[in-house]
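Spelled out from the first residue to the last, the chains are:
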Amino acid sequence: YIPTILCRSVVILFILWYVTSVYNPINTIRSLTKNLTGYQKIERYVIPPLDRIGMISIPADQVAQIKAVVEYIQNNTDPNETIFDFSNQGAYYFFADRPSATRYHQICYASTEKMQKEVIDGLEKNKTKLVIFSNNTWMDSIDGVKNTDRHYLIYEYLKNNYIESSKVGTTTFMKRKE
């Protein structure tokens, strides 16, 4: 009976030692606890406030960029006019309160030729005047493939029918050629 208990104790101690030294669960638990308890310390209100954001805290420079882009969109379109986002920043449809020219609120989802032709049809049908073309960040190439390469049909259409109109912070806009 004692040899069995001793043998099992040695095995259990070995397993505990192995798990502790290899997987380091104590530091993992400390890290998780720190992340979870630190959540309550996040400031809940944005200063300055950003319309339609709710109680999400975001950096002031990001607030300024969003406000400037929204202002540009609203000053250059009517409330019922569609816009198109080629830069994977679909939240601007919501912030600017403008409808999308297509069902693809994130252009990265229109990856096949058929889907790209659907986007082009939507732009033509709606005679969309304003396009958010680029934001000069990683979002222009979400997985390392540039939007202009992945969505080559849409890009060709934009090149032929739109011209660069403005740059607001890091965001580049295009307007339909007259």
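Structure: above.
An account of the accompanying structure is given in this report.

1. Here's the deal with the overall build of the protein chain
Line of reasoning, step 1. When helices and strands are tallied, the protein chain shows seven helices and four strands.
Line of reasoning, step 2. Taking contacts inside the protein chain between residues at least 6 apart in sequence as the whole, the part at least 24 apart equals 55%.
Line of reasoning, step 3. Summed over its atoms, the accessible surface of the protein chain is roughly 11700 Å², and 60% of this surface lies on carbon and sulfur atoms.

2. Quick look at the pairing of strand S3 (residues 162–168)
Line of reasoning, step 1. Direction of pairing for S3 relative to strand S4 (residues 171–176): antiparallel, over a ladder of six bridges. By the bridge assignment, Glu 164 is partnered in S4 with Met 174.

3. Some details on the pairing of S4
Line of reasoning, step 1. Where burial is concerned, most of S4 is hidden: five out of the six residues are buried.
Line of reasoning, step 2. As paired elements, strand S2 (residues 130–134) and S4 share four bridges and run antiparallel to each other. Residue Leu 130 lies in a different strand from S4, and its bridge partner there is Lys 175.
Line of reasoning, step 3. Here S3 folds back onto S4, and the loop between the two strands holds two residues, one of which, Gly 169, carries a positive phi near 60°.

4. A word on the layout of surface pockets
Line of reasoning, step 1. Of the volumes computed, that of the largest pocket is approximately 390 Å³.
Line of reasoning, step 2. In this structure, the largest pocket is lined by 17 residues; those nearest its centre are Gln 62, Gln 65, Ile 66, Gln 89 and Tyr 92.
Line of reasoning, step 3. Going through the elements one at a time, helix H3 (60–76) and helix H4 (91–96) are the ones with two or more residues in the lining of the largest pocket.
Line of reasoning, step 4. The dominant element in the lining of the largest pocket, judged by the number of residues it contributes, is H3, at four residues.

Rules and cut-offs
- Residues numbered from 1 in each chain as written.
- Predicted model: local features only at pLDDT ≥ 70, side-chain atom pairs only at ≥ 80, totals over all residues.
- Heavy atoms only, no water.
- Helix = DSSP H or I, 4+ residues; strand = E, 2+ residues; numbered from the N terminus.
- Contact = heavy atoms within 4.5 Å.
- Areas by Shrake-Rupley, 256 points an atom, 1.4 Å probe, with all protein chains shown as cover.
- Pairing = 2+ DSSP bridges.
- Buried < 20%, exposed > 50% of the residue type's maximum accessible area, 1.4 Å probe, protein only.
- 1 Å grid on protein atoms, 1.4 Å probe; cavity = no way out; pocket = protein on both sides within 12 Å on 5 of 7 lines; lining within 4 Å.
- Points joined across faces, edges and corners; volume = space filled by probe spheres on them.

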